[in-house]
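# Descriptive structure summary
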Amino acid sequence: MGLGVGLPVAVTGAGDRPNDLASVIRGRRSVRAFDAGRAVPRTVIEDAIAAAGWAPSPHGRQPWRFAVVESFSRRAALAEAMAGTWDAQLSLDGQERAIVEARLSKSRQRLHRAPILIVPCLYLSDLDVYPNADRQAAETTMAIQSLGAAIQNLLLSVYAAGLDAGWMCAPLFCPEIVRDALGLGQELIPHALLPIGYAAKDPVRRERRPVAELIVGWD
Ligand SMILES: Cc1cc2nc3c(=O)[nH]c(=O)nc-3n(C[C@H](O)[C@H](O)[C@H](O)COP(=O)(O)O)c2cc1C
């Protein structure tokens, strides 16, 4: 059976997961609720970041860096710093105040309860510089594409180790705020937030489109 066919294989839980490539790819899932009391081994994080580093990148320049946020005080500070942006955006969407408050509280909880957060940052300093804007934009797009590949490697590595991760896009909407909250340099552009830990419960899985729908041409 091809990778894109059907639902993921059954996952038997931490430390007991089939870890052949197809099973890891299909077993990985976005987890949004973690067991706050279960610490994440440092080696899992180091191995996952090393796996990220093996992703393909434009000219092999590896345009990524990763901030690891572990202490509760730092996680809470980051959640607080981003809360203003969340609030403003949800309000702009025209959501009722009570719903905005509930969603803000949920987002804060996600950062409070995940034992470790990784913030993947785009790092453009080593990329080529072009005189024309369109080529420069393509260079940046390539870097962003490769950051996505690096993040996927990281997620698969965490999953294969028996843990789980989520993916939050919030930093994309307030990179300066995240940078300030974490004391990161100007050359780093926070692109995502990956809560990592042991799943508190199994998430509902989304079905995948059949391969026949994905292939739009094959002449
Ligand atoms: C670029 C990107 C941004 C995402 N942002 C969020 C997010 O802000 N919050 C969230 O709960 N999930 C987020 N996700 C996770 C997706 O919702 C999830 O991958 C999708 O529903 C498929 O589920 P799965 O990861 O369990 O296969 C994001 C995923 C990607 C690739």
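Above: the structure in question.
The rules behind each value
Residues numbered from 1 in each chain as written. Predicted model: local features only at pLDDT ≥ 70, side-chain atom pairs only at ≥ 80, totals over all residues. Helix = DSSP H or I, 4+ residues; strand = E, 2+ residues; numbered from the N terminus. Rg over C-alpha atoms; globule rule 2.2 N^0.38 Å. Buried ≥ 20, exposed ≤ 12 C-beta atoms within 10 Å, placed from the backbone. Pairing = 2+ DSSP bridges. Near = placed C-beta within 6 Å. Nonpolar A, V, L, I, M, F, W, Y, C, P; charged D, E, K, R; others polar. Expected span 1.5 Å × (residues − 1). Arc of directions from axis to C-beta. Contact = placed C-beta atoms within 7 Å.

## With respect to the overall build of the chain
Scanning the chain from N- to C-terminus turns up 7 helices and 5 strands. Going from N to C terminus, the chain has its helices and strands arranged as α-α-β-α-α-β-α-β-α-β-β-α. Its C-alpha atoms give the chain a radius of gyration of 19 Å, near enough to 17 Å, the size a compact globule of 219 residues would have. Within the chain, the fraction of its 219 residues that count as buried is 31%.

## Side note on the pairing of strand β5 (residues 194-197)
Side chains of β5 alternate between two faces, with Leu 194 and Ile 196 and Pro 195 and Gly 197 buried alike. Judged from the 3 bridges that link them, strand β2 (residues 116-123) and β5 form a sheet pairing that is antiparallel. If you follow Leu 117 over to β5, its bridge partner there is Pro 195.

## Digging into the pairing of β2
Extensive coverage of β2 is indicated by the burial of 7 of its 8 residues. As judged from the 6 bridges shared by strand β1 (residues 64-69) and β2, these two strands associate in the antiparallel manner. The residue bridging Phe 66 from the neighbouring strand is Pro 120, located in β2. In this sheet, strand β4 (residues 188-190) lies alongside β2 in antiparallel orientation, the contact comprising 3 bridges. From the neighbouring strand, Cys 121 faces β4, where its bridge partner is Pro 190.

## Points about the site of the ligand
Arg 29, Ser 30, Arg 32, Gly 166, Trp 167, Met 168, Cys 169, Ala 170 and Arg 206 make up every residue found near the ligand. Tallied by class, the residues present in the shell around the ligand amount to 4 nonpolar, 2 polar and 3 charged.

## Brief notes about the environment of Arg 209
Mapped onto the elements, Arg 209 comes out in the loop between β5 and α7 (211-214). Residues Arg 209 and Arg 110, spaced 99 residues apart in sequence, show a C-alpha to C-alpha distance of 29 Å.

## Some details on helix α4 (residues 97-113)
Between its first and last C-alpha atoms α4 spans 24 Å; for 17 residues at 1.5 Å apiece the expected length is 24 Å, and the two agree. Taken residue by residue, α4 has Ser 107, Arg 110 and Leu 111 as its buried positions. Down the axis of α4, the buried side of the element spans an arc of 95°, and every buried residue falls inside it. Summarising the geometry of α4, the exposed residues directed more than 90 degrees from the buried face are Arg 97, Ala 98, Ser 105 and Lys 106. On its buried side, α4 packs onto α3 (72-92), β2 and β5.

## Regarding unusual backbone geometry
Of note in this structure, His 59 is not a glycine but carries a positive phi near 60°. For His 59, the location among the structural elements is in the loop between α2 (42-53) and β1. In this structure, Gln 62 is a non-glycine residue whose phi angle is positive, near 55°. Topologically, Gln 62 is positioned in the loop between α2 and β1. Using a count of 19 C-beta atoms within 10 Å as the deciding quantity, one classes Gln 62 as partly exposed.

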